[in-house]
Amino acid sequence: TSDNVPQAPEDPMFGLMAAYRRDTVEKKVDLGIGAYRDDNAKPWVLPVVKQADEILRKDPNLNHEYLPIAGLADFTSAAQKLIFGADSPAVKEKRVATYQTISGTGAVHMGGLFLSKFYPRPSDQPIYFSSPTWVNHNQIFSNVGLSSKTYPYFSTKTKGLDFEGMQSALESAPEGSIILLHACAHNPTGVDPTREQWKEIAKVIRARKHFPFFDCAYQGFASGNLENDAWAVRYFVSEGFELCVAQSFAKNFGLYGERAGAFHFVTGPGPDAVNTIGRIFSQLAILQRSEISNPPAYGARIASIVLNDPALFKEWEANLRTMSGRIIDMRKKLRGKLEELNGKDGSWRHITDQIGMFSFTGLTEKQVLKIRGDAHVYMTKNGRISMAGLNTGNVEYTAEAIDKVVRE
Ligand code: PMP
């Protein structure tokens with residue numbers, strides 16, 4: 001009965017947001033935020049999204065019928081091309097099963113649920129996440145009965161990738177393990193492998209017969225270039241891996257609340273590939289039907305209008321560069337001010353080396369709490385800051401607050 005339901009721990013992110021909202025000090029800074037903000041700290045509706053919305057509203061045939069179970073076909077086919085490339089052999093050979101999902105979260109969940117049912121492995125074999133990873137990974141996979149282990153990822157010493165640690169963990173993981181990888185702009189560290197390192201990672205995954213699962217929440221948002229940000233996924237596909245991808249359109253379209261996303265399962269090349277993908281597609285239909293029946297229409301319609309129109313697509317790319325450019329600028333300004341205050345000993349280099357929305361500052365939990373108390377600058381306890389929360393009005397103030405606490 002209901003008496004048996006224990007109180008769940010508070011989501012640390014929601015706690016942080018609530019504390020920020022309660023704070024009445026005007027100069028407070030929100031660096032916990034997981035969404036893009038413009039230079040006035042306001043949400044930004046992409047101009048190209050506004051245009052697509054107008055096109056949509058003028059469509060006399062628009063109605064509110066259900067989408068098909070697999071989602072809007074123009075959206076899922078464009079989503080495939082976006083992540084795998086227009087010339088992708090997997091797409092051309094029809095070796096990809098794609099379902100529209102409830103944004104990236106829903107795509108990760110669909111992949112987890114599918115693998116928990118069909119991936120052959122000993123029942124206690126874990127899935128491997130980077131340490132650290134997006135906090136939600138743990139609960140999404142444990143909810144579908146997959147236990148998890150971590151592989152080293154972030155080096156506190158270099159504030160970059162612990163590549164050797166990662167490699168040796170992947171080597172010693174039981175053969176055939178599922179390995180979760182962030183396609184680009186790793187959350188929360190902002191640290192990505194180089195292309196050479198990705199090639200080495202692919203070698204180990206191949207040698208150990210592991211299964212790569214890419215989570216791609218920031219394509220185009222990381223470098224501002226859609227191709228660059230999809231490089232790792234495309235490389236693995238070109239190497240003939242069987243893999244899956246969870247794709248989110250929340251950040252790169254600013255469609256957070258509209259829940260536009262896609263799940264892709266790619267089989268390796270071979271005479272049976274199309275049959276295999278047909279069987280997988282049929283099973284995914286049952287999962288989708290039993291969980292959400294039909295995906296939501298609005299966000300997928302907006303993204304589809306933009307992705308399928310060359311002129312709007314170009315404008316979208318410009319909008320992406322506006323967002324990634326502002327973030328890169330904030331990285332430079334934050335590092336610059338910290339070095340101005342602290343001396344150019346290179347210890348803030350990681351701020352500009354890391355990419356995407358987040359940066360792992362290296363601040364300890366104690367320092368994080370002190371900055372919150374003294375300067376009203378809010379960040380998560382692991383020292384992660386959202387670069388999108390910085391702007392020309394608060395970056396110097398934030399640098400001064402960080403400088404003060406690291407000197408103490
Ligand atoms: N994966 C990662 C790594 C993320 O950072 C996010 C967004 N915070 C997601 C998936 C999913 O986000 P959404 O469900 O909003 O697309």
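About the cut-offs
Residues numbered from 1 in each chain as written. Predicted model: local features only at pLDDT ≥ 70, side-chain atom pairs only at ≥ 80, totals over all residues. Helix = DSSP H or I, 4+ residues; strand = E, 2+ residues; numbered from the N terminus. Contact = placed C-beta atoms within 7 Å. Core = buried A, V, L, I, M, F, W, Y, C linked by C-beta atoms within 7 Å. Buried ≥ 20, exposed ≤ 12 C-beta atoms within 10 Å, placed from the backbone. Domains from an automatic or database assignment. Nonpolar A, V, L, I, M, F, W, Y, C, P; charged D, E, K, R; others polar. Near = placed C-beta within 6 Å. Pairing = 2+ DSSP bridges. Right-handed = clockwise from strand over helix to strand, strands pointing away. Axes fitted to C-alpha atoms, helices over the stretch in contact; angles between N-to-C directions.

Colleague: Please explain the overall build of the chain as it appears in this structure.
Modeller: The helix and strand tally for the chain stands at 17 helices and 11 strands. Taking the contacts inside the chain whose residues are at least 6 apart along the sequence as the reference set, 76% of them involve residues at least 24 apart.

Colleague: Sorry, what's going on with the nonpolar core here?
Modeller: Note on soluble globular proteins: their nonpolar side chains tend to be buried together. If you look at the biggest cluster of nonpolar residues, it comprises 110 residues, and the most contacted ones within it are Cys216, Val233 and Ala303. Here this core takes seven residues from helix H14 (residues 310-342), the largest share from any one element. Three or more residues apiece are contributed to this core by two domains, here domain 1 (11-45 + 324-407) and domain 2 (66-308). Here Val233 is in contact with Ile83, Phe84, Ala183, Phe214, Cys216 and Val245, once residues within four sequence places are set aside.

Colleague: Can you walk me through the domain arrangement of the chain in this structure?
Modeller: Many analyses report the size of an interface as the accessible area lost when the parts associate. Domains assigned within the chain are domain 1 (11-45 + 324-407) and domain 2 (66-308). Put simply, the middle of domain 1 and the middle of domain 2, counted by C-alpha atoms, are 29 Å apart. With 18 residues of domain 1 in contact, the opposing surface of domain 2 contributes 21 residues. Elements with a contribution of two residues or more to the side of domain 1 that touches domain 2: H14, helix H15 (349-353) and strand S9 (358-360). Of the residues forming the side of domain 1 that touches domain 2, the biggest block, three residues, is contributed by S9. Residue composition of the side of domain 1 that touches domain 2, by class: eight nonpolar, eight polar and two charged.

Colleague: Can you help me understand the site of the ligand in this one?
Modeller: Close contacts around the ligand come from 14 residues, with Ser103, Gly104, Thr105, Asn187 and Ser248 the closest. Sorting elements by how many residues they give to the shell around the ligand places helix H5 (residues 103-118) first, with four residues. For the shell around the ligand, the class distribution of residues is five nonpolar, eight polar and one charged.

Colleague: Would you take a moment to explain the pairing of strand S3 (residues 127-131) for this structure?
Modeller: Each regular strand displays side chains that alternate between the two surfaces of the sheet. With four of five residues buried, S3 lies mostly within the body of the structure. As judged from the five bridges shared by S3 and strand S4 (residues 148-152), these two strands associate in the parallel manner. Bridge pairing in S4 links Ile127 to Ser148. The parallel pair S3 and S4, bridged by helix H6 (residues 135-143), forms a crossover whose chirality is right-handed.

Colleague: Whenever I open this one, the sheet that holds S4 confuses me. Can you help?
Modeller: Taken together, the seven strands give an open sheet; going across it, the order is S2-S8-S7-S6-S5-S3-S4, and neighbouring strands pair in mixed fashion. Each end of this open sheet is capped by a strand with a single partner; those strands are strand S2 (96-102) and S4. For this sheet, the mean angle separating the axes of adjacent strands, direction not counted, is 25°. Sheet topology note: the S2/strand S8 (residues 260-266) ladder contains seven bridges and is antiparallel. Within the sheet, the bridge partner assigned to Gln100 lies in S8 and is Ala262. Along the sheet, helix H3 (residues 73-84) makes contact with S2, strand S6 (211-216), strand S7 (243-248) and S8, crossing S2 at roughly 110°.

Colleague: Any chance you could explain unusual backbone geometry here in plain terms?
Modeller: Most peptide bonds take the trans form, and the phi angle of most residues other than glycine is negative. Residue Pro132 is bonded to the preceding Ser131 through a cis peptide linkage, with omega at 5°. Residue placement: Pro132 occurs in the loop between S3 and H6. One non-glycine residue, Ala185, lies in the positive phi region at around 50°. Tracing the backbone through its elements, the reader meets Ala185 in the loop between strand S5 (178-182) and helix H8 (195-207). Despite not being glycine, His376 has its phi angle at roughly 65°, a positive value. Relative to the assigned elements, His376 resides in the loop between helix H16 (365-375) and strand S10 (377-378). Classification of His376 as partly exposed rests on a count of 18 C-beta atoms within 10 Å.

Colleague: Even after reading the chapter, I still don't get the environment of Thr150, so can you show me in this structure?
Modeller: Along the chain, Thr150 turns up in strand S4. Expressed as a C-alpha distance, the spacing of Thr150 and Pro126, which sit 24 residues apart in the sequence, is 9.2 Å. Discounting residues that sit within four places of it in the chain, Thr150 has contacts with Tyr128, Phe129, Ser130 and Ser131.

Colleague: Looking at this model, I keep getting lost on the pairing of S6. Mind explaining?
Modeller: Burial analysis of S6 places five of its six residues in the buried class, the great majority of the element. Pairing geometry for S5 and S6, over five bridges, is parallel. Bridging across to S6, Leu180 finds its partner in Phe213. Chirality of the crossover, the property in question, places the unit of S5, H8 and S6 among those that are right-handed.

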